[in-house]
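Chain by chain, the residues:
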Amino acid sequence: QQPVQSPQAVILREGEDAVINCSSSKALYSVHWYRQKHGEAPVFLMILLKGGEQKGHEKISASFNEKKQQSSLYLTASQLSYSGTYFCGTEITPNFGNEKLTFGTGTRLTIIP
Amino acid sequence: GAGVSQSPSNKVTEKGKDVELRCDPISGHTALYWYRQSLGQGLEFLIYFQGNSAPDKSGLPSDRFSAERTGGSVSTLTIQRTQQEDSAVYLCASSLAIGHSFDQPQHFGDGTRLSIL
């Protein structure tokens, strides 16, 4: 039930845009996005609940397509500080007593000057 | 305010020994989560607490793993008879739990790096 992230790794020049995808084989209730820099703890970016709502702040936004069971994270005009590994975490339709967040294997993003 | 605190930050122990990892969540956060991250891998969900209760323990890798939480605050993850495959970074996170536990952002601690010799 682990979501599949793509691409596994991407290298961008500062100012370029990136899209990171997260796909699930199960119907999703929510998708979480986190960024982790090397040797540090993951940091929360955003949560999307089912409904196809797009969320965002500054130049990082995300969409959630409930029908396609996937979410995409959009990074526009990337900055050096965006470098890190991005993880999506998915929760399938909640069943009390059996909730869990399953994370993908991550997308390593490297921004170069 | 203070974030999630985990101790020890590093633990090296011999195979077969027991280890206890501690997590002190953000004050007021009723939900607490344990994850394991092997080198270069994603986050593996282990268990979560709502208050002192863990609704589902099936994510724990084996019966050598146990976790408890007391007073709705500090949690300990115990690994008995450690094996080399237990080597990993163990991350704890906490969140507010307004309604459904997984609707809220999770705030992670810096983790405990566990090395089994």
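Now for a quick tour of the structure. (Residues numbered from 1 in each chain as written. Chains lettered and ligands numbered in written order. Predicted model: local features only at pLDDT ≥ 70, side-chain atom pairs only at ≥ 80, totals over all residues. Heavy atoms only, no water.)

### Some thoughts on the overall build of chain B
Right, on to step 1. Along chain B, the regular secondary structure elements total zero helices and 10 strands.
Right, on to step 2. Reading the secondary structure of chain B in the N-to-C direction produces β-β-β-β-β-β-β-β-β-β.
Right, on to step 3. In terms of overall size, chain B behaves like a compact globule, its C-alpha atoms giving a radius of gyration of 13 Å where 117 residues would be expected to give roughly 13 Å.
Right, on to step 4. The 117 residues of chain B split such that 50% are buried.
Right, on to step 5. Here the analysis covers contacts within chain B between residues at least 6 apart in sequence; of these, 56% occur between residues at least 24 apart.
Right, on to step 6. Summed over all atoms, the accessible surface of chain B reaches about 5300 Å², with 44% contributed by carbon and sulfur.
Right, on to step 7. Of the side-chain charges in chain B, 10 are positive and 12 negative, and the distance between the mean point of each set is 5 Å. (Helix = DSSP H or I, 4+ residues; strand = E, 2+ residues; numbered from the N terminus. Rg over C-alpha atoms; globule rule 2.2 N^0.38 Å. Buried < 20%, exposed > 50% of the residue type's maximum accessible area, 1.4 Å probe, protein only. Contact = heavy atoms within 4.5 Å. Areas by Shrake-Rupley, 256 points an atom, 1.4 Å probe, with all protein chains shown as cover. Lys, Arg positive; Asp, Glu negative; His and termini not counted. Charge placed at Lys NZ, Arg CZ, Asp CG, Glu CD.)

### Some points on the pairing of strand S4 (residues 31-37) of chain B
All names here are of chain B.
Right, on to step 1. Among the seven residues that make up S4, seven are buried, leaving the element largely enclosed by the rest of the structure.
Right, on to step 2. In this sheet, strand S5 (residues 43-50) lies alongside S4 in antiparallel orientation, the contact comprising seven bridges. From the neighbouring strand, Gln-37 faces S5, where its bridge partner is Leu-43.
Right, on to step 3. Connecting the antiparallel pair S4 and S5 is a turn made up of five residues, with Gly-40 showing a positive phi of about 70 degrees. (Pairing = 2+ DSSP bridges.)

### Some points on the state of the cysteines
Right, on to step 1. What the rule picks out here adds up to two disulfides over all chains.
Right, on to step 2. One disulfide bridge connects Cys22(A) with Cys88(A), the sulfur atoms lying 2.0 Å from each other. An S-S torsion of about 75 degrees defines the bridge between Cys22(A) and Cys88(A) as right-handed. Note that Cys22(A) is positioned in strand S3 (residues 18-23) and Cys88(A) in strand S9 (residues 84-92), a separation of 66 residues in sequence. Grouping residues by exposure puts Cys22(A) and Cys88(A) together as buried.
Right, on to step 3. Between Cys23(B) and Cys92(B) runs a disulfide, and the two sulfur atoms are separated by 1.8 Å. (Disulfide = S-S within 2.5 Å.)

### Some words on the sheet that holds strand S3 (residues 19-24) of chain B
All names here are of chain B.
Right, on to step 1. Taken in spatial order, the four strands line up as S1-S3-S7-S6 in an open sheet, and their pairing is antiparallel. Two strands in the sheet have a free side with no partner beyond their single neighbour: strand S1 (5-7) and strand S6 (65-69). The sheet shows a mean angle of 15 degrees between the axes of neighbouring strands, direction not considered.
Right, on to step 2. By the bridge criterion, five bridges tie S6 to strand S7 (residues 75-79) in an arrangement that is antiparallel. Paired with Arg-69 across the bridge in S7 is Ser-75. (Axes fitted to C-alpha atoms, helices over the stretch in contact; angles between N-to-C directions.)

### Quick notes on the interface of chain B and chain A
Right, on to step 1. With 19 residues of chain B at the interface, the matching set in chain A holds 21 residues.
Right, on to step 2. Carbon and sulfur atoms make up 59% of the surface buried where chain B meets chain A, a total of about 1700 Å² over both sides.
Right, on to step 3. Counting across the interface, chain B meets chain A through zero salt bridges.
Right, on to step 4. Here chain B is connected to chain A by two residue pairs in polar contact (both at pLDDT 80 or more). (Buried area = accessible area lost by both parts, 1.4 Å probe. Salt bridge = Lys/Arg side-chain N within 4 Å of Asp/Glu carboxyl O. Polar contact = N/O pair within 3.5 Å; in protein donor to acceptor, adjacent residues only side chain to side chain.)

### Some details on the pattern of salt bridges
A pair can form between side chains of opposite charge whenever their charged atoms are brought close.
Residues and elements named next belong to chain B.
Right, on to step 1. Summed over the entire model, instances satisfying the criterion amount to three salt bridges over all chains.
Right, on to step 2. Asp-24 is the partner of Arg-22 in a salt bridge, and the nearest nitrogen-oxygen pair spans 3.8 Å.
Right, on to step 3. A salt bridge links Arg-36 to Glu-44, with the shortest nitrogen-to-oxygen separation between them at 3.0 Å.

### Focus on the packing of aromatic side chains
Right, on to step 1. Considering all chains together, one arrives at seven aromatic pairs over all chains under this definition.
Right, on to step 2. Their ring planes at 65 degrees and their centres at 5.8 Å tell us that Tyr34(A) and Phe103(A) sit as a pair that is edge-to-face. Of this pair, Tyr34(A) sits in strand S4 (residues 28-36) while Phe103(A) sits in strand S10 (residues 102-103), and the two are 69 residues apart along the sequence. Summarising the burial analysis for this pair, Tyr34(A) and Phe103(A) share the class buried.
Right, on to step 3. Ring centres of Tyr35(B) and Phe45(B) lie 5.7 Å apart, and the angle between their planes is 75 degrees; this geometry places the pair in the edge-to-face category. Here Phe45(B) lies in strand S5 and Tyr35(B) lies in strand S4, a separation of 10 residues in the sequence. Here Tyr35(B) matches Phe45(B) in class, with each residue buried.
Right, on to step 4. An aromatic cluster of three or more residues is present, and its members are Tyr34(A), Phe44(A), Phe103(A), Tyr35(B), Phe45(B) and Phe108(B). (Phe/Tyr/Trp six-rings, centres within 6.5 Å; stacked < 30°, edge-to-face > 60°.)

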